[in-house]
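# Notes for the structure review
Given next are the chains, with one letter for each unit.
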Amino acid sequence: MVGQTPSLTTFLKSLKQNDIETSIELFISLLKRRQIKNSRPCAIATTHLLLRVVAEPKRKWDAQKLIDRVGHVGRRLVAAQPREMAVGNIVRRVLGVIREVAERDEDSLTDSEFSGSASPITGEFKQRPGLPTRFSEFSPLHGAAAMPHNMHSGRPGTADSMNVEFGGTPQRPGLMSSNASYAGQGPSGTSLFSILQHPQGRSPLATPPTGTQSPAMGPSPSRRTTGGEANEKLDIKAEVIDGIKELQDELDVVDSQIAESALDHIHSNEIVLTHTSSQTVQKFLLTAARKRKFTLFHAEAYPNNHEATHATILNGAQGEEEDSDERWKPLTSLGITVILIPDSAVFALMSRINKVILAPHAVLANGSLLAAAGASTIALAAKTHHVPVVVLSGVYKLSPVYPFDTDELIEYGDPSKVVPFEEAEFMNKVDIVNPLYDWVDCDLVDLYITNLGGHAPSYLYRIVADHYRLEDVDLNAKQDVAVKKG
Amino acid sequence: MAPKARKTGEPLEAEETLQAVIIADSYEDRFLPFTLERPRCLLTLANTPLIEYTCESLASVGVQEVFVYSGNHTDQVETYLDNSRWTKDTSPFSLEVVRSTSTSVGDAMRDLDQKGFMKGDFICVYGDVIANIPLDAALKAHKARREMSKNAIMTMVLREAGEYHRTKDQHHRRCFVIDPETDRCIHYEQVRPRTSPRLNIPEEVLKDHVEIDMREDLIDCGIDIYTPDALAQWSDSFDWKMPRQDFVHGVLQDFETFGRTIHTHIVNEGYAARVNTLRAYDATTKDVVSRWAFPYCPDTNLLTDQSYQLQKGNVYKEDGVVLARSSTVSRKSVLGRATSIGEGSVITNSIIGRRCVIGRRVRIENAYIWDDARVGDDAVIETAVIANEASVGKKCHIKRGALVSYGVNIAKGVTVEENTRVTKLKRKRGYDNDEVCRGVTDPTIVGEGGEGFQLELDEDEEDVYEAVLAGVQDMDLMVDGDEISDFASGDEEDEYEYSREPTSRSGSFTSIASDESGETKRDMAKFHREASDSIFDGLQRGQDPDHIQLELQAQRLTENAEDSQIRRAVAVAFNRRIANLIEVGRTAKEAVATAIPPNQRLIKACVKEAREQAEFLLFLQTDLVHRAQGSKVLLNVAFVLAGEDMVDGDGLEQWWEDPRSSASAELEKVRAETKPVVDQMGESEDEEEEEESDEE
């Protein structure tokens, strides 16, 4: 009798044996059952799964097919657990990789065959302006299941124009000057400018509904030379696989990269407050502790994370392996004073604290974040006492989602953690809620440290634009296009 | 990371597959009238069929092979599962629906043993279990024990739940006596309601164990881990039916002889419940909606086509719900896709399925409305179940505990009283198989133009308590206090309903021997059931009366039964035989003539003196109250008995004068026709006496 409860480890193991569809279903049910949860495991599982999808043997992809396929799988994953945003982020990143590969390919082809004017990149830009309209109304939970999405497509033009203005304004400072040079830049850079371009560039009313124009990624095969075709298709697969492997590498090193900047932020004899048992934060603090002495207050994040937090303080953070018992050294072994406090004591202690370090569950496009419950209290207390709040987050946690309804982003867990199941009298008469996450607004955060360096919250939109293609922001929107085309 | 992880896992262990059995049929009647049409495991809880939760629970444990046993409605279960994701290639386990003719869990287990599906230890659950308990620890502990001793044949997984819990079975208080050192269950008993909580713990138990825990605070959710050896046990004892009352009890009793042990695994984290009564249905739905069963909440969208989203106050809505602007949906409600709620309607604490149409100014509280139901304007629905495609007219009032079954149509302005079960179908009791057929519409219940009739709670072997959907506590008290006392409180144990077989009428027995203590009553009821069953069987097969007598004697000795019990059993068995014959189309007279004279030795053996005769007649009479043509049968029986000298005038007279024989109007009615016989017998007796005296 095995009796092995499925987890990330078993999932990764089973990936090799199962066929792709089974793996996808398995991952979906693991997400639903919360047997894979939190950003990092989700991100790791998603990269592995998508790698399998792309590397599917005996399948030859052209760019558009691959985008459709990954997009389709991605939508199912996101629908399974929309609150694990890392899944959607990784899917978007992979889609971005595919597009990039396709464009590079396209460039070389068109350069040789056609001269300039009908560049598919410009073609692609033409259909971009429509997308922010989705952006603004997009919510991660919207259409959480395989609901027919044709309700999107029949949107009247007036609504579009409203949304264009709305979606366009708040986060885009005018950087119009660089318009002229965009054609020469790499795709990730150009996408930013394309956002900026459209409000002036075109009359919103003239904007055709998004779906009508196909994303010009996949040029019609007829335009290709027959000789190049086979080569190119092989290339796409291989290149995308490389891209995904790079993503996996990024996930592996993200904590160390963040930790590199530890010494810039933690100074001698500072008093730091943190929360939850985040690996990223532990690594960051460990790096600082090797050189400097500081005092750490650790809020325990009762009731959902306190056990892990206690274990982290006593025995050190758990290593990379989810199931292994291998642990890092605890901070105390490096001579750091660690004081464990209940979440309720945060406000009382805040006046003594120099810096708050938080680990988010997800970071949203406007610089606000979701973190384990209790983070909001800490951030608000810090604001009151003018204590800087530093958030450590890998870029994979950064989501292009804009928080229109923050309530629906928060997941509610098992109330038995708050009131034991045995307390029947009580639970009969009282509704008990156990929110797993808090939403922290962007003005409560002073600095984000990602694996790319430190950023102000107001700058995150830029990183979002660098990492995600606008076409991919709303994964469900893709379906409209596909439906229209089909 | 993957290769590293592989190193830590034990590759040898991974060879064995984890198997599980789902007992999808409950072999019970507690969800009548809904289970007439659908198996219990396909009833929806928070708009998801129960078996989905069960399969999901098994998948989350890492089960690789599942066998589904289903007795009733197998086709439906099979069709459902064939179309579900559990039988697709992508399913986490292989699933097989096993067809069997089982009429109890015991039968299913024996069948399983015969077919030899089980290669190793396996998990056994019911098709109505909702659990998020990780079973790793239980499996590990079970395995460790197995390695220590081959005799540890079973582990029961139990959830700690405190003294009172809505999800716990309040009626049948299951008591586990456990040795905390070894987690061994050394005694199991159910405390009957309103009896003094008293356990019959065998002496050896107290001698052998230094420390024992007596626990009554556990939810028994029917998750068991069996060994193949346990299956053999089931096979050895062909009359075991229920895993607890028979199996656990039997194995524990035989501990001295065979040394087999049963263990418990008590968890105090996670959720586990069985939806085995309507009350449990109510409680479990509340748990699921208020997220106690997390992650099995509506917004997890277990089914692929679901799209529930959580909103404030634990309100779950699927896409495409139409709410009128002035309607209110307040806390702990679930609304399925394409359901529309009219102006000014208020919905609280209720589950509403898909495609329901709720009219204007409707008030729905604590109700369960399944798919495609319609509720007219100004209707009020309190703690009730409205099944699929049922329709409730305008200005109707559905009171607490009412059950409105599939397709029933309640006409405009009708009030459905508390705890009424309205249905369109009924079960016709046949000898071998019951068939489900349409009943005749009763306008007093559903109003003019309505469809449906009231399903009487004639299941006398059924505990009323079990059948009641009680949302609130005061309701329980009511049921506990008066209603139930009319019915069989000394009746079968928990799951002991012989759901497809008309059996004991012990309900009537209570009025005769109501001074008995609960404990004896239970023994008596058990004896009575077994004895009357076996006599009935014998009669049915036309066995030699001596043979039947011998068997009866043996039963009597094992159970240490009193003579009056035997009389009662005999009386009931004969009545059943007669009723059976009448159903086949004989007249009462013919039936009696066929049943009694050939077997008169049986009656003579237990009925001798006048007092006994009177008692025997009383048993016959009380039992016939429930039977078709009761009074006619009684007349004929009395006539035959008198004619064959099995009773004499004294006996008849004593019976006639006994106040118990005329205690109620029904009893009066039944015996009314028999009066001439009594009179005649009395007279002839008198005459005889006179003659005798004359002669002297």
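Residues numbered from 1 in each chain as written. Chains lettered and ligands numbered in written order. Predicted model: local features only at pLDDT ≥ 70, side-chain atom pairs only at ≥ 80, totals over all residues. Heavy atoms only, no water.

Going by an unreviewed UniProt entry, chain B carries the name Mannose-1-phosphate guanyltransferase and comes from Friedmanniomyces simplex. Per UniProt, the comment on chain B under Subcellular location (unreviewed entry) is "Cytoplasm, Cytosol". For chain B, the Sequence similarities (unreviewed entry) comment in UniProt is given as "Belongs to the eIF-2B gamma/epsilon subunits family." (UniProt positions renumbered as here; feature names shortened; annotations may be inferred.)

Taking an unreviewed UniProt entry as the reference, chain A is identified by name as Translation initiation factor eIF2B subunit beta belonging to Friedmanniomyces simplex.

### Some thoughts on the overall build of chain B
Tallying secondary structure elements over chain B gives 24 helices and 37 strands in all. Here chain B holds 696 residues, and the buried ones make up 61% of them. Counting contacts in chain B only where the partners sit at least 6 residues apart, residues at least 24 apart contribute 60% of the total. Surface summary for chain B: the accessible area is close to 27800 Å², and the carbon and sulfur share equals 47%. (Helix = DSSP H or I, 4+ residues; strand = E, 2+ residues; numbered from the N terminus. Buried < 20%, exposed > 50% of the residue type's maximum accessible area, 1.4 Å probe, protein only. Contact = heavy atoms within 4.5 Å. Areas by Shrake-Rupley, 256 points an atom, 1.4 Å probe, with all protein chains shown as cover.)

### Concerning the overall build of chain A
Assigned secondary structure in chain A consists of 20 helices and 10 strands. Split into buried and exposed, the 486 residues of chain A put 58% on the buried side. Taking contacts inside chain A between residues at least 6 apart in sequence as the whole, the part at least 24 apart equals 80%. Just so you have it, chain A exposes about 19300 Å², and 54% of that area is on carbon and sulfur atoms.

### Some thoughts on the interface of chain B and chain A
In this assembly, 56 residues from chain B lie in contact with 46 residues from chain A. Summing the contributions of chain B and of chain A, the shared interface buries around 4600 Å²; its carbon and sulfur component is 57%. Where chain B touches chain A, the interface holds six salt bridges. Of the charged contacts, one joins R83(A) and D299(B) as a salt bridge, the two residues approaching to 3.9 Å between their closest N and O atoms. Of all elements in the fold, only α1 (2-8), α2 (50-61), α5 (136-148), β8 (152-160) and β15 (309-311) of chain B reach the threshold of two or more residues within the side of chain B that touches chain A. In terms of residue class, the side of chain B that touches chain A is made up of 19 nonpolar, 17 polar and 20 charged. (Buried area = accessible area lost by both parts, 1.4 Å probe. Salt bridge = Lys/Arg side-chain N within 4 Å of Asp/Glu carboxyl O. Nonpolar A, V, L, I, M, F, W, Y, C, P; charged D, E, K, R; others polar.)

### A closer look at helix α3 (residues 74-83) of chain B
All names here are of chain B. Every buried residue of α3 is accounted for by T74, V77 and L81. Each buried residue of α3 sits inside an arc of 65° when the element is viewed along its axis, so together they form one side. Looking at the buried side of α3, the elements it contacts are α2, β4 (65-70) and β5 (94-99). (Arc of directions from axis to C-beta.)

### A short note on the environment of Q553(B)
Examined against the element boundaries, Q553(B) turns out to sit in helix α16 (residues 545-559). Between the C-alpha atoms of Q553(B) and A531(B), which are 22 residues apart in sequence, the distance is 9.5 Å.

### Remarks on the packing of helix α17 (residues 563-584) of chain B against helix α20 (residues 610-624) of chain B
Residue and element names in this part refer to chain B. At a minimum axis distance of 9 Å, the contact between α17 and α20 shows a crossing angle of 45°. What the angle tells us is that α17 and α20 run oblique. Helix-helix and strand crossings are classified by hand; for α17 and α20 the assignment is right-handed. Note on element contacts: α20 touches α17 through R611, E612, E615, F616, F619, L620, D623 and L624, opposite S564, R567, R568, V570, A571, V572 and N575. Its residues placed into classes, the contact of α17 with α20 shows seven nonpolar, two polar and six charged. (Axes fitted to C-alpha atoms, helices over the stretch in contact; angles between N-to-C directions. Parallel < 35°, antiparallel > 145°, perpendicular 65-115°, else oblique. Left-handed = near helix turned anticlockwise from the far one by under 90°.)

### Topic: the side chain of T54(B)
By secondary structure assignment, the location of T54(B) is in helix α2. Leave out the neighbours within four places in its chain, and T54(B) touches I22(B), V125(B), Y126(B), G127(B), D128(B) and V129(B).

### Some remarks on the nonpolar core
If you look at the biggest cluster of nonpolar residues, it comprises 107 residues, and the most contacted ones within it are I123(B) and F247(B). With seven residues, the single largest contributor to this core is α2(B). Counting 72 residues, the second largest nonpolar core, distinct from the first, contains L26(A), L77(A), V240(A) and V254(A). (Core = buried A, V, L, I, M, F, W, Y, C linked by side-chain atoms within 4.5 Å.)

### Details of the packing of aromatic side chains
All names here are of chain B. Counting across every chain of the model gives 18 aromatic pairs over all chains. Between F67 and F117, the ring centres sit 4.5 Å apart and the planes meet at 15°, which makes this aromatic pair stacked. One end of the pair, F67, is in strand β4; the other, F117, is in the loop between α4 (105-115) and β6 (122-126), and 50 residues separate them in sequence. We classify F67 as buried; its relative accessible area is 4%. (Phe/Tyr/Trp six-rings, centres within 6.5 Å; stacked < 30°, edge-to-face > 60°.)

### Considering the sheet that holds strand β17 (residues 322-323) of chain B
Within the open sheet, the six strands sit side by side as β17-β20-β23-β26-β29-β32 (chain B). Their pairing is parallel. Pairing within the sheet leaves two strands with one partner each, and these edge strands are β17 and β32 (409-410) of chain B. (Pairing = 2+ DSSP bridges.)

### Side note on the sheet that holds strand β4 (residues 355-358) of chain A
Residues and elements named next belong to chain A. If you walk across this open sheet you meet the seven strands as β3-β2-β1-β4-β7-β9-β10, and the pairing is mixed. Of all the strands in the sheet, just β3 (337-341) and β10 (453-455) have a single pairing partner and so form its edges. The average angle at which neighbouring strand axes cross in this sheet is 25°, direction not considered. By the bridge criterion, three bridges tie strand β9 (residues 447-450) to β10 in an arrangement that is antiparallel. Each bridged residue has a counterpart across the sheet, and for T450 the counterpart in β10 is G453. Helix-sheet contacts for helix α14 (residues 306-315) involve β2 (295-299) and β3, and the interaxial angle to β3 is about 160°.

### Details of a negative patch on the surface
The grouping of E644(B), D645(B), D648(B), D650(B), E653(B) and E657(B) at the surface amounts to a negative patch. Within the fold, D648(B) resides in the loop between α21 (630-643) and α22 (649-657). (Patch = residues over 30% accessible without salt bridge, like charges linked within 9 Å, V, L, I, M, F, W, Y side chains within 5 Å. Lys, Arg positive; Asp, Glu negative; His and termini not counted. Charge placed at Lys NZ, Arg CZ, Asp CG, Glu CD.)

### Overview of the side chain of R567(B)
All names here are of chain B. As for its placement among the helices and strands, R567 is situated in helix α17. The class of R567 is buried, set by a relative accessible area of 3%. At 3.0 Å, the side chain of R567 and the side chain of E615 are in polar contact. Once you skip the residues sitting within four places of it in the chain, R567 turns out to touch C606, V607, R611, E612, E615, F616 and F619. (Polar contact = N/O pair within 3.5 Å; in protein donor to acceptor, adjacent residues only side chain to side chain.)

### Observations concerning the confidence of the model for chain B
All names here are of chain B. Summary statistics for chain B give a mean pLDDT of 78 and a share of 84% for residues scoring 70 or more. Counting interchain partners and residues more than four positions distant, the pLDDT-below-50 stretch residues 471-518 has 117 contacts. Residue range residues 691-696 is modelled with pLDDT below 50. Its contacts to residues more than four positions away, or to other chains, number zero contacts. (pLDDT = per-residue confidence, 0-100.)

### Here we look at the pattern of salt bridges
Residues and elements named next belong to chain A. Under the defined criterion, the tally for this structure stands at 47 salt bridges over all chains. Between R69 and E21 there is a salt bridge, and its shortest N-O distance comes to 4.0 Å. Here E21 lies in helix α2 (residues 20-32) and R69 lies in helix α4 (residues 63-80), a separation of 48 residues in the sequence. Judged by relative accessible area, which is 29%, E21 ranks as partly exposed.

### So, α14(A)
Residue and element names in this part refer to chain A. Within the sequence span of α14, burial applies to H306, T309, A311, T312 and I313. Lining the buried residues of α14 we find α13 (279-291), β2 and β3. Backbone geometry just downstream of α14 places G316 in the positive-phi region, at approximately 95°.

### Things to note about the environment of I236(A)
All names here are of chain A. Summarising the element assignment, I236 is placed in helix α11 (residues 226-260). The class of I236 is buried, set by a relative accessible area of 3%. With 137 residues separating them along the chain, I236 and R99 place their C-alpha atoms 9.8 Å apart. Not counting the four nearest positions on each side in its chain, I236 is found in contact with D62, A63, L66 and V101.

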